[in-house]
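Spelled out, the chains give:
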Amino acid sequence: MQKLKINDEHGDSMIEIGRLEFFLSGISRKSRTVTFSSLNLKETEFHLRKHQEDELSNLSYFLQYFEAKGADTTSVKTIRNPWKIKCKSLNIENTGFSYVNDLKKMESYTGIDFDNVHLTRIQLNIRDMMIEGETSSGNVKQISFLERSGFDLKSFSGDLLFSPVKLSVDQMKAEVNNSSLDLDLLFEYENMLAFNDFISQVKMHGIFRPTKLDMSNIGYFAPVMFTMTDIINLSGEISGTVDHLKGENLDVSYGRNTVFKGNIEMSGLPDIMTTYAEADIVRLSTDAADVRSFALPGDAGIIAVPELLQIAGVVNISGAYTGFYNSFVSRLNINSRLGNISTDLTVRTAGVSNEIAYTGKINAKQLDIGKFSGMQETFGNASFFLTVDGRGLTQKAI
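Structural notes, computed from the coordinates. What you see is a predicted model; the values in this text were computed from it and never measured. (Residues numbered from 1 in each chain as written. Predicted model: local features only at pLDDT ≥ 70, side-chain atom pairs only at ≥ 80, totals over all residues. Heavy atoms only, no water.)

### Some details on the overall build of the protein
Part 1: Each helix and strand in the protein was counted, giving 5 helices and 20 strands.
Part 2: Reported as C-alpha extents along the three principal axes, the dimensions of the protein are approximately 95 × 40 × 35 Å.
Part 3: Taken over 398 residues, the protein has a buried fraction of 38%.
Part 4: The contacts in the protein between residues at least 6 apart in sequence include a share of 48% that link residues at least 24 apart.
Part 5: When the accessible surface of the protein is summed, it comes to about 22500 Å², and 55% of that surface belongs to carbon and sulfur atoms.
Part 6: For the protein, the distance from the average position of its 40 positive side-chain charges to the average position of its 49 negative side-chain charges is 6 Å. (Helix = DSSP H or I, 4+ residues; strand = E, 2+ residues; numbered from the N terminus. Buried < 20%, exposed > 50% of the residue type's maximum accessible area, 1.4 Å probe, protein only. Contact = heavy atoms within 4.5 Å. Areas by Shrake-Rupley, 256 points an atom, 1.4 Å probe, with all protein chains shown as cover. Lys, Arg positive; Asp, Glu negative; His and termini not counted. Charge placed at Lys NZ, Arg CZ, Asp CG, Glu CD.)

Shown next as structure tokens:
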């Protein structure tokens, strides 16, 4: 089939097929299966649209022409044994797709607007594809496309299953904008509209093998993340929604000297200022330069770097942390070029100036008091045990 064009009831183009060829292997009424050995589609455009004055999409109106006259369209009938469509090889080349809901689309939305989707340069190769009712599955060899928001799926492969309430990809490998992904991924949701509130409505479960993630790429689903131009290398298991996220057996690195190994659970993302976290830290290493360069979501700005962190150089931490970024309880072992410190502290901000206040216990071994205090000619190393109750992190305040 070549150069087929179908307009909708408004006279707008709905389907334009450049070339379609398929090879039918068989039809089984007993198993209710239609099998294609191959289906190839080239130079094609699909334009699905729900016009402002219409109750249904243009495709729904088109399909109504094929309904039997006198058929009851007011009741929904469940087909217990729907026909299955199998295709051993599906190939799509240089194709476009759009879906526009005139009532809900947001012209100025910077992420992917699922009521105003435009895909171009679609290339697709799927083996052993099956469609059964509203569920589709197949072994994806390659998918690539560009969405109008700038979301650029350069390559994608894996074992795919899609339904109205679940999307899973096993052995997934993908190149998306600046990210390179290698994982098993599961999304669960009530319906597709949940993607319009991806942060709280889409549950994720991902088993990450060594992966490079540009955090700003998440902005296509949650635009507040666009400002997080941080490149993260990670492996481990992540589950939950973005605003209630749990990570287990994580191995995360960032910048030149930042590494996190351990488990963490966070509630409140992507607003880091109000996020509550519980962390079991096997190893956390970082320095002032990495902390200062880490971009936060939205207009949160940058993280204020305490003067002591700049003096300490690369800091290595293990232990437990519970609380917010500026109000927390920590039981930590800290090692740096200044020496070794064990803490059991409660830290919070206090006063109008939000000065850091702390209470608890500190046990130090061979701590370089001279560098710590800026009085290297007077003091050297010292070991001590302290009960502290104070505020301020500058040398003068301490």
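Anyway, onward from the coordinates.
### Observations regarding the nonpolar core
Soluble globular proteins tend to bury their nonpolar side chains together.
Part 1: Judged by nonpolar contacts, the single largest core of 79 residues is most densely connected at Phe156, Met172 and Phe187.
Part 2: Aside from chain neighbours lying at most four places away, what touches Met172 is Phe156, Ser157, Gly158, Leu181, Asp182, Leu183, Asp184, Leu185 and Arg209. (Core = buried A, V, L, I, M, F, W, Y, C linked by side-chain atoms within 4.5 Å.)

### Quick word on the side chain of Asn40
Part 1: If you trace the backbone, Asn40 turns up in strand S3 (residues 33-42).
Part 2: Overall, Asn40 belongs to the buried group, its relative accessible area being 15%.
Part 3: One polar contact links Asn40 to Asn91, side chain to side chain, over a distance of 3.1 Å.
Part 4: Contacts of Asn40, omitting those with residues within four sequence positions, involve Arg19, Leu20, Glu21 and Asn91. (Polar contact = N/O pair within 3.5 Å; in protein donor to acceptor, adjacent residues only side chain to side chain.)

### Describing the pairing of strand S4 (residues 45-50)
Part 1: Pairing geometry for strand S2 (residues 13-28) and S4, over 2 bridges, is antiparallel. Across the sheet, Glu16 pairs through a bridge with Glu45, a residue of S4.
Part 2: In terms of strand pairing, S4 meets strand S5 (residues 84-101) through 6 bridges, oriented parallel. Of the residues in S5, the one forming a bridge with Leu48 is Tyr99. (Pairing = 2+ DSSP bridges.)

### Digging into the side chain of Glu147
Part 1: Note on placement: Glu147 falls in strand S7 (residues 135-147).
Part 2: In this structure, Glu147 is buried with no salt-bridge partner, the nearest side chain bearing the opposite charge being Arg148 at 4.4 Å.
Part 3: A distance of 3.1 Å separates a polar side-chain atom of Glu147 from the backbone nitrogen of His118.
Part 4: Non-local contacts of Glu147, meaning those with residues more than four positions away in its chain, are made with Ile112, Asn116, Val117, His118 and Leu119. (Salt bridge = Lys/Arg side-chain N within 4 Å of Asp/Glu carboxyl O.)

### Focus: the pairing of S7
Part 1: In the sheet, strand S6 (residues 116-132) pairs with S7 via 10 bridges, with the strands oriented antiparallel. By the bridge assignment for S7, Asn125 is matched with Gln142.
Part 2: Hairpin connection, S6 to S7: the antiparallel pair is bridged by 2 residues, and Gly133 has positive phi, about 65°.
Part 3: When S7 meets strand S8 (residues 152-163), the two strands line up antiparallel, connected through 7 bridges.

### A closer look at the environment of Ile264
Part 1: By secondary structure assignment, the location of Ile264 is in strand S14 (residues 258-267).
Part 2: As a C-alpha pair, Ile264 and Asn249 span 15 residues in sequence and 8.9 Å in three-dimensional space.
Part 3: Those residues in contact with Ile264 that sit more than four places away from it in its chain are Leu245, Lys246, Gly247, Leu250, Ala277, Glu278 and Ala279.

### Describing a nonpolar patch on the surface
Part 1: Where nonpolar side chains cluster on the molecular surface, the patch consists of Phe22, Leu24, Ile27 and Trp83 and spans about 410 Å² of accessible area.
Part 2: Positionally, Leu24 belongs in strand S2.
Part 3: The partly exposed category is assigned to Leu24, whose relative accessible area is 45%. (Patch = residues over 30% accessible without salt bridge, like charges linked within 9 Å, V, L, I, M, F, W, Y side chains within 5 Å.)

### Some words on a negative patch on the surface
Part 1: Where like charges cluster on the molecular surface, the negative patch consists of Glu16, Glu43, Glu45 and Glu93.
Part 2: What makes Glu16 partly exposed here is its relative accessible area of 31%.

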